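Structure at a glance
The primary structure of each chain is shown beneath.
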Amino acid sequence: MRSLRRFLTRLWNFATGRSVDPHLQEEIAGHLAFLAEENLHAGMSPAEARRQAALKLGSAVAIREDHHAEQSLPLIENLFFDLRYAVRMLLKSPGFSFIAIATMALGIGATTAIYSVIDATLLHPLPYPNPTELIHVRDDLPGIDSRDVGVSIPEWRDLESSGIFQSVAIAGHGANVNLTGGAQPERLGFKAVTPNYFAVLGVGAQLGRTFDPQDATPGYNLEAVMSDGLWRREFAADPQIIGKTLRLDNDAYQIVGVMPRGFRDQGSTSEEQNVELWLGAGYAGLPFQAPQRGLRLNRAVIARLKPGLSVAAAQAHLDALVESLKKEYPKEYPAQTAWTARLIPLSESVVGNVRQSLILLFGAVGLVLLISCVNVANLLLARASTRGREIAVRQALGAQRTRLIRQFLAESVLLFLLGGIAGFAILFFTRKFLLQLVPESLPHLNEISIHWGVLVFALAISLVAGVVFGLAPAWLMSRFDLIGTIRQDGRGSSGSRERSRARQVLVISELALSLVLMVAAGLLLRSFWDLFTVQPGFNPDRVMAIQTWLPGPNDPSADVYRSATQESILLREILRRSRSLPGVENAAVGDVAALPLGHSRPGGLPLVREGIEMTDNEAPVIDSPIVSPEYFQLLGMPLLRGRVFSDQDLESTPRVAVINQTAARTYWPNQDPLSKRVRLRLDGREVLTGAEPPWTTIVGVIADARTESLADASIPQIYRSVYQHPAKDLAIILRGQLDPSAISAQMRAQIQSIDPELPVFHAETLDDVLASSLSVRRFSMEMVAFFAATALLLAGLGIYGTISYLVNEQRREIAIRLALGAQRGNILKMVLRRGLGLAAAGAALGVAGAIIVSHLMAGLLFGVSPTDLPTFAGVTLVLTIVALVASCIPALRAVRLDPNAILYSE
Amino acid sequence: MKEKPDVLQGTLALMVLKTLDVLGPQHGWGIARRIEQISGDLLAVNQGTLYPLLLKLEHEGSIASEWGASENNRRARFYRLTGPGRKQLQAETREWEQTAAIIARFFKVRAEDLT
């Protein structure tokens, strides 16, 4: 308490600059007078009395110093002195200060930029209360190599009653629904969710309410909750919206609530995050299939753990539940499928696959930061040699070493902080431009912002970097050989050898770090290039896709497009009219799964082969796009055997399918797959009649195409005909000389003249789809390449500075050699050898580091080995050339030295 | 800064407080003379070290000061004990007495007493 009071008073005195020194002097004078008077009384002479008085009092200067130290806070006071001095020093050499601050601004600005992205995605991915309790339940069937197969309704009920969770919600994958009744039918992204969905997330409505978590309506409860965005866009933020009716896919839903602004659905794809409408559903009545334990549809299950339960403990409970369920229902859970249920924290599953790319970027930018710090440390050391005299004089005047170190630290911290502030300022003012560089497919793009937390981060790393990288130069600078320095102005003094060694170590590490970055960039570039130029197996040139959505009312009998025959009338008319559009050469139709690269991975269907006894639960799952007969020809996917679909394959004729080569190889190895028969079950896209699905005969084999992912050629596919299997999410695929800006309106006019209730949306060229499927890769490749180039530039500057310094230091030696008749070529060689030596050491270290790093990022590579020799060799060569060029300039300067001038001047 | 033994510092502060308690408001020289009279050598030299200490005590709120006229009509700064200072003095006096009593007992003990 007392010491606090003392501290506050001193702080106050310090802040107000209050000085009591005159008072103290008066007091001391009074004291002396008393003492002297006393001495006079004791019989001393006046002079002796004053002398004795002064002796008794002690040194007045020391008293005043102690008094002043007590009056104020000497530590802070010194810091201010140091800072003031540091500012003066920085202003004295503006060139040096500018370069150092700009280097740090680059390093810290770049790091902060990437941090702000990571802050929005990896660190705060869940805008829900108590986000650590939220988890994703994922069912896998590792025995038949199926992942994320979805959860059946009875399993969901088991989870609800297991006691592990507060609540478990089913969230259907994002899908489309047609909103009609407005000027234009509109397609909305919606999610069918169990009524407890919002309760699990812990978010309430801003207007009205969310669903009643206890609601047990088996099918859709015909209530709808909408997003703030939809409310403002379509309904002009009507405050009376609650209770109004929405016509969705021809069903009437009552609007019960509007979610707050900023609420967005969880999910890793932008498709899912663009969900604007939530419909409550019990998943157990029409239009959903009757609940069966083995009937898993591809649904996301999210749950909130009981408070205080760790994910590991919950997983242990869940494993026990899975084991007991397996015993109870052996038929539904065949042993060979090895059913497991995994809990994945929602924060992880939401960020999904960009985590690796972001960590790579952060690592890369961290290296750039390190290199810029090393560069500035190098600059500080270089300046030490020019400040030798000043330091020596201060030491001679009695400055303590700790005091000097503190002084230099203040300078470096000031430099780094200014750099950090400059970097942050640049980032802040260019944020709009920078955000445009980020690919749209990055999750949480909209949450990226430059806020206080980011500023604190920038300042914190500037401070830490300033202390860490200022300490070594400060240490070395304070170790000047006093006498030698004053006598010969820093030339060849013993401290300078240490400093020059330190600088060489710094340059070597800079070179090594930039080599690591360049290797990473090189490997990513090669991967990207390989992906970019890979033969996709289909021809995307001049192809466009446009989507529409056929309404699927909850009562199947009200669906005018219920059967394939009914739908085929519409499709044939759409295709006929499309072909009549100007420029269109060919047109095909398929479901969204058939749209190359343009969709999130659909859930596969169990594939049961004739002659191999299997229940649906044990069958392997396979992707099954639905296409029209023209599809393969339009996309240029060559037929290898048999035939493709024809217009005569109808609902009334036997079911036929076309498979790709990988499916043939995987499921009928060493056999002829043609005329083999299969059953495909559990298709949510078809209304289940309950009857055994008919056999489907394989009639053709097409070549493999990278329609799922450019990086993966061999994913089994089984194509079915749209004239035999109705599909709701349709993509119309056109080839020809198309005008992307006009095609949307043309197609809308054509389609709506057939059925005015159909929305037409999302027209895009396949080239764009291809490019955007690579956008995250392209982004990280470009960023790492940019960082690598920056690193190379900095390393080049570093080696240039160091060699210049060495040449400057050895100028007398060089001059003597020249005077004694050394060939200039030899001098050149001597200097270049120094540079090459540094480069070789840096390259050796860098290659070792790069091998480690490249193995860590192996998951991001495509078609190139982590130890790709051409990349390593090329990068090392580039580094060596840069090092040579950078040392050439000071080397040439050394050669041109005039020995006479130097030897006489010193 | 010169290092002074903590004991001496603490003792000096206690002496200052006790002097002000006994004599009432005093100027620096008066405190110094009083301490010199009682403790002999401690303040025989360097009486000036008193002033930073007085400032510290003032910062801590144990004493307060004001300017006034001394007995021979010189302007002088008078220090006086405050309420918290008096409490501090009492507490520290008690502590000192306890410590001194314990130490005294230790010094009294002879080897045969411990067997």
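None of the values given here were measured: they were computed from a predicted structure.

Turning our eyes to something else, we now look at the overall build of chain B. In terms of regular secondary structure, chain B is built from four helices and three strands. The buried share of chain B, reckoned over its 115 residues, is 30%. In chain B, of all internal contacts separated by at least 6 residues, the share reaching a separation of at least 24 is 46%.

Take the overall build of chain A next. When its secondary structure is counted, chain A shows 29 helices and 23 strands. For 906 residues, the compact-globule formula gives about 29 Å, and the C-alpha radius of gyration of chain A, at 38 Å, lies well above that figure. A burial count over chain A gives 44% of its 906 residues as buried. Taking all contacts inside chain A whose residues are at least 6 apart in sequence as the whole, residues at least 24 apart take part in 83%.

This paragraph deals with the packing of helix α25 (residues 775-809) of chain A against helix α28 (residues 869-895) of chain A. Residues and elements named next belong to chain A. α28 packs onto α25 with a crossing angle of 25° between their chain directions and a minimal axis gap of 8 Å. Classed by the angle they form, the pair α25 and α28 counts as roughly parallel. Our pair here, α25 against α28, has a crossing hand that is right-handed. Of the residues in α28, those in contact with Leu-792, Gly-796, Ile-799, Tyr-800, Ile-803, Ser-804 and Val-807 of α25 are Val-882, Ala-883, Ala-886, Ser-887, Ile-889, Pro-890, Arg-893 and Ala-894.

Between chain B and chain A, the residue contacts involve 18 residues of the former and 23 residues of the latter. Counting only elements with at least two residues in the side of chain B that touches chain A, the list comes to α2 (28-39), α3 (50-60) and β3 (75-81) of chain B. Split by residue class, the side of chain B that touches chain A holds seven nonpolar, seven polar and four charged.

Attention shifts here to helix α3 (residues 46-57) of chain A. Residues and elements named next belong to chain A. Compared with an ideal rise of 1.5 Å per residue, which puts twelve residues at 16 Å, α3 spans 17 Å between its outermost C-alpha atoms and is within 8% of the ideal. The set of residues buried in α3 consists of Ala-53, Lys-56 and Leu-57. Along the axis of α3, the buried positions cluster into a sector of 95°, meaning they face one direction only. Check the buried side of α3 and you find it contacts α2 (21-41) and α4 (60-71).

Our focus in this paragraph is the domain arrangement of chain A. Bring the parts together and some accessible area is lost; that lost area is often taken as the interface size. Under the domain assignment used here, chain A contains domain 1 (2-72), domain 2 (142-338), domain 3 (354-533 + 775-905) and domain 4 (552-756). Relative placement of domain 1 of chain A and domain 2 of chain A: their C-alpha centres are 80 Å apart.

A word on α2 of chain B. Taking 1.5 Å as the rise per residue, α2 of chain B with twelve residues should run 16 Å; its terminal C-alpha atoms sit 16 Å apart, in good agreement. Gly-28, Trp-29, Gly-30, Ile-31, Ala-32 and Ile-35 of chain B are the residues of α2 of chain B that are buried.

Residues and elements named next belong to chain A. Residues with a pLDDT of 70 or more make up 92% of chain A, whose mean pLDDT is 82. Ignoring residues within four places in sequence, the model shows residues 490-494, a span with pLDDT below 50, making twelve contacts including any to other chains. Contacts of residues 684-688 to residues separated by more than four positions or lying in other chains number eight contacts, the stretch itself having pLDDT below 50.

Rules used in this analysis
Residues numbered from 1 in each chain as written. Chains lettered and ligands numbered in written order. Predicted model: local features only at pLDDT ≥ 70, side-chain atom pairs only at ≥ 80, totals over all residues. Helix = DSSP H or I, 4+ residues; strand = E, 2+ residues; numbered from the N terminus. Buried ≥ 20, exposed ≤ 12 C-beta atoms within 10 Å, placed from the backbone. Contact = placed C-beta atoms within 7 Å. Rg over C-alpha atoms; globule rule 2.2 N^0.38 Å. Axes fitted to C-alpha atoms, helices over the stretch in contact; angles between N-to-C directions. Parallel < 35°, antiparallel > 145°, perpendicular 65-115°, else oblique. Left-handed = near helix turned anticlockwise from the far one by under 90°. Nonpolar A, V, L, I, M, F, W, Y, C, P; charged D, E, K, R; others polar. Expected span 1.5 Å × (residues − 1). Arc of directions from axis to C-beta. Domains from an automatic or database assignment. pLDDT = per-residue confidence, 0-100.

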